[in-house]
Amino acid sequence: MSATRVLVLNSGSSSVKYQLLEMADGTRLAAGLAERIGERQSRLVHRPLASGGERRERVEQFADHGAALRAVAEELRADGLGLDSPRLAAIGHRVVHGGQSFTRPTLIDDAVLDEIERLVPLAPLHNPANLTGIRTAQDLNPHLPQVAVFDTTFHTTVPESAARYALEKTTADEYLIRRYGFHGTSHAYVSRRTAALLGKDPSQVNVIVLHLGNGASVSAVEGGRCVETSMGMTPLEGLVMGTRTGDLDPAVVLHLMRIGGMTVDEVDELLNKRSGLAGLCGDNDMREIRRRVEEGDENAQLAFDIYIHRLKKYVGAYFAVLGRLDAVAFTAGVGENSPAVRRAALAGLEGLGIRVDPALNEAEGAAAEGARLISPGEARVAVAVVPTDEELEIAQQTYALVSDGEPQQRGEPA
Ligand code: AMP
């Protein structure tokens, strides 16, 4: 019996999301979410997908990630999908920050764990949670290959001219300050899927990917390689997001501290949690903002306009970076579901060859499912909507590494 299954784990600070995939045909065998880890009442929702079984819910205390993952393992075992199954090839872990050290998915050993630990100052909330998930999974089955798939890897091809800030070089180097980019698995998956929609190999296609979820980022992908991305040293830079400012004059931070008397933590919270769409109009859900816009709400309209202006500016800039553009692809919660955002973001760009077909853009039901084109057939630049699938991408990268891929030397981060 060959090992063709991959468990994907996405460990957050108080949650673990998981999916078990069969790589022979890409089917999902099980999925679930353990949340409120460390609180008095934690919760695990487990969905056995292949067997057609009922969704199961457990409400109990998971004192730590170990307890939560043990509960996940029990639920999987109850479906005949235990972590000791010979059919399980590996566990693929989403790791947020790989710095410049990890330019590909990497088989995890002690040296790799040390390196992820060294990068904690760059992602103080995420990397520790990712590390806890990895260590717990190792305890549950020490013999199973574990692979780290980084949010930053796809962006390690961005050239120095785009990755570096014009900050004093010695200081930037000392503190590892540069643009790393995030959402990499999504940008990788969506750019490849867009090329497939056009019937081309990724190496032949230049794409701008707009990942518009609660967090949001743009990337410019040239022949399958990322050459520019909007998130920076942290996910704060770039587009207007649900609760983050995106681009901001850094002197605003100095002003808030000097004149406003705010502390570092207060500014951090303001920029990351109380700004963006929520800070502008009180709502960060695009559905609610659109509903308010339809009712004539001025704050919602202004928030929407600022969001769209930033998006359009990035599309124009990335067109210039690429020189030739074959497609613009929308993905994630807003990108996949909001015809109004897609229409507004690309309105007025006809001169660049970018056009949206209103009927295709606004289609509903079955016509609005799956990866699809929403531009007229004759348009110079295709516009696509591509549902992202970060779990599938992580599973594929993991499986490629542990099956016939060329596993890296243990202990040598790329
Ligand atoms: P994500 O981070 O990719 O899960 O995206 C979450 C965001 O997608 C939510 O905060 C909403 O703003 C947005 N969203 C989800 N569904 C819709 C929809 N049907 N129309 C517009 N926006 C949506």
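These figures come from a predicted structure and were not determined experimentally. (Residues numbered from 1 in each chain as written. Predicted model: local features only at pLDDT ≥ 70, side-chain atom pairs only at ≥ 80, totals over all residues. Heavy atoms only, no water.)

## Side note on the side chain of Asp-326
Looking at where Asp-326 falls in the secondary structure, it is placed in the loop between helix H11 (298–322) and strand E12 (327–331). Discounting chain neighbours no more than four positions away, the residues touching Asp-326 are Leu-198, Gln-204, Val-205, Asn-206, Arg-380, Val-381 and Ala-382. (Helix = DSSP H or I, 4+ residues; strand = E, 2+ residues; numbered from the N terminus. Contact = heavy atoms within 4.5 Å.)

## A look at the packing of helix H1 (residues 65–78) against helix H3 (residues 126–140)
It is at 9 Å that the axes of H1 and H3 come closest, and there the two elements cross at 50 degrees. Considering their axes alone, H1 and H3 lie oblique with respect to each other. The interaxial crossing formed by H1 with H3 has right-handed handedness. Residue-level inspection shows His-65, Gly-66, Leu-69, Arg-70 and Ala-73 of H1 in contact with H3, the latter providing Thr-132, Gly-133, Thr-136, Ala-137 and Leu-140. Considering only residue class, the contact of H1 with H3 consists of four nonpolar, five polar and one charged. (Axes fitted to C-alpha atoms, helices over the stretch in contact; angles between N-to-C directions. Parallel < 35°, antiparallel > 145°, perpendicular 65-115°, else oblique. Left-handed = near helix turned anticlockwise from the far one by under 90°. Nonpolar A, V, L, I, M, F, W, Y, C, P; charged D, E, K, R; others polar.)

## Let's talk about the sheet that holds strand E13 (residues 372–373)
One open sheet accounts for six strands, arranged E11-E10-E9-E12-E14-E13; its pairing is mixed. Edge positions in the sheet fall to strand E11 (225–229) and E13, since each has one partner strand and no second. Relative to strand E14 (residues 382–385), E12 runs parallel, the two sharing four bridges. Note on E14: the bridge partner recorded for Ala-329 is Ala-384. In the packing of H11 onto the sheet, contacts are made with strand E9 (206–212), strand E10 (216–222) and E11, and the angle to E9 comes to roughly 160 degrees. (Pairing = 2+ DSSP bridges.)

## What about the site of the ligand?
The ligand sits among Gly-213, Asn-214, Asn-284, Asp-285, Met-286, Arg-287, Ala-332, Gly-333, Val-334, Asn-337 and Ser-338. Met-286 places a main-chain nitrogen or oxygen 2.8 Å from an oxygen atom of the ligand. Gly-333 places a polar main-chain atom, nitrogen or oxygen, 2.9 Å from an oxygen atom of the ligand. Contact with the protein chains covers 67% of the free accessible surface of the ligand, which is 500 Å². Here the shell around the ligand is built from residues that sort into three nonpolar, six polar and two charged. (Near = heavy atom within 4 Å. Polar contact = N/O pair within 3.5 Å; in protein donor to acceptor, adjacent residues only side chain to side chain. Areas by Shrake-Rupley, 256 points an atom, 1.4 Å probe, with all protein chains shown as cover.)

## A short note on helix H10 (residues 286–294)
The periodicity of an α-helix, 3.6 residues per turn, causes residues three or four positions apart to be oriented the same way. Taken together, the buried positions of H10 are occupied by Met-286, Ile-289, Arg-290, Arg-292 and Val-293. Buried residues in H10, looked at end-on, bunch into an arc of 160 degrees, giving them a common side. In H10, those exposed residues whose orientation departs by more than 90 degrees from the buried face are Arg-287 and Glu-294. Tucked into the core, H10 has its buried residues touching helix H9 (276–281), H11, helix H12 (332–337) and helix H13 (339–346). At the C-terminal side of H10, Gly-296 shows a positive phi close to 90 degrees. (Buried < 20%, exposed > 50% of the residue type's maximum accessible area, 1.4 Å probe, protein only. Arc of directions from axis to C-beta.)

## Here's the deal with the sheet that holds strand E4 (residues 42–48)
Hydrogen bonding along the main chain pairs the strands of a sheet, whether they run parallel or antiparallel. With mixed pairing, the eight strands of this open sheet are ordered in space as E5-E4-E3-E2-E1-E6-E8-E7. Either end of the sheet is taken by a strand with one partner, and the two such strands are strand E5 (56–60) and strand E7 (106–107). Where E4 lies against E5, five bridges are found, and the strand directions are antiparallel. Its bridge partner lying in E5, Leu-44 is registered against Arg-58.

## Quick word on the nonpolar core
If you look at the biggest cluster of nonpolar residues, it comprises 44 residues, and the most contacted ones within it are Leu-210, Leu-212, Tyr-307, Leu-311, Val-341 and Ile-354. If you tally residues by element for this core, the top one is H11, at 11 residues. When residues no more than four places from it in sequence are discounted, the contact partners of Tyr-307 are Leu-212, Val-240, Leu-277, Met-286, Val-334 and Val-341. (Core = buried A, V, L, I, M, F, W, Y, C linked by side-chain atoms within 4.5 Å.)

## Considerations on the packing of aromatic side chains
All chains considered together, the criterion is met by two aromatic pairs. Between Phe-102 and Phe-150, the aromatic rings sit 4.3 Å apart at their centres with planes inclined by 15 degrees, giving stacked as the arrangement. Residue Phe-102 is found in the loop between strand E6 (88–95) and E7, and its partner Phe-150 is found in strand E8 (residues 146–150); the two are separated by 48 residues along the sequence. Residues Phe-102 and Phe-150 agree in their burial class; the two are buried. Ring geometry for Tyr-314 versus Tyr-318: centroids 5.5 Å apart, planes at 85 degrees, classification edge-to-face. One end of the pair is Tyr-314 and the other is Tyr-318, both in helix H11 and four residues apart, which spans about a single turn. Directly above the ring of Phe-304 sits Arg-290, whose terminal nitrogen or CZ lies 4.5 Å from the centroid. (Phe/Tyr/Trp six-rings, centres within 6.5 Å; stacked < 30°, edge-to-face > 60°. Lys NZ or Arg CZ within 6 Å of the ring centre and 35° of its normal.)

## Here's the deal with the pairing of strand E1 (residues 5–11)
With seven of seven residues buried, E1 lies mostly within the body of the structure. With burial as the criterion, each face of E1 is covered, one bearing Arg-5, Leu-7, Leu-9 and Ser-11 and the other bearing Val-6, Val-8 and Asn-10. Summarising the sheet, E1 and strand E2 (residues 16–22) pair through seven bridges and their orientation is antiparallel. Its bridge partner lying in E2, Val-6 is registered against Leu-21. Here E1 folds back onto E2, and the loop between the two strands holds four residues. With five bridges connecting them, E1 and E6 associate as parallel partners.

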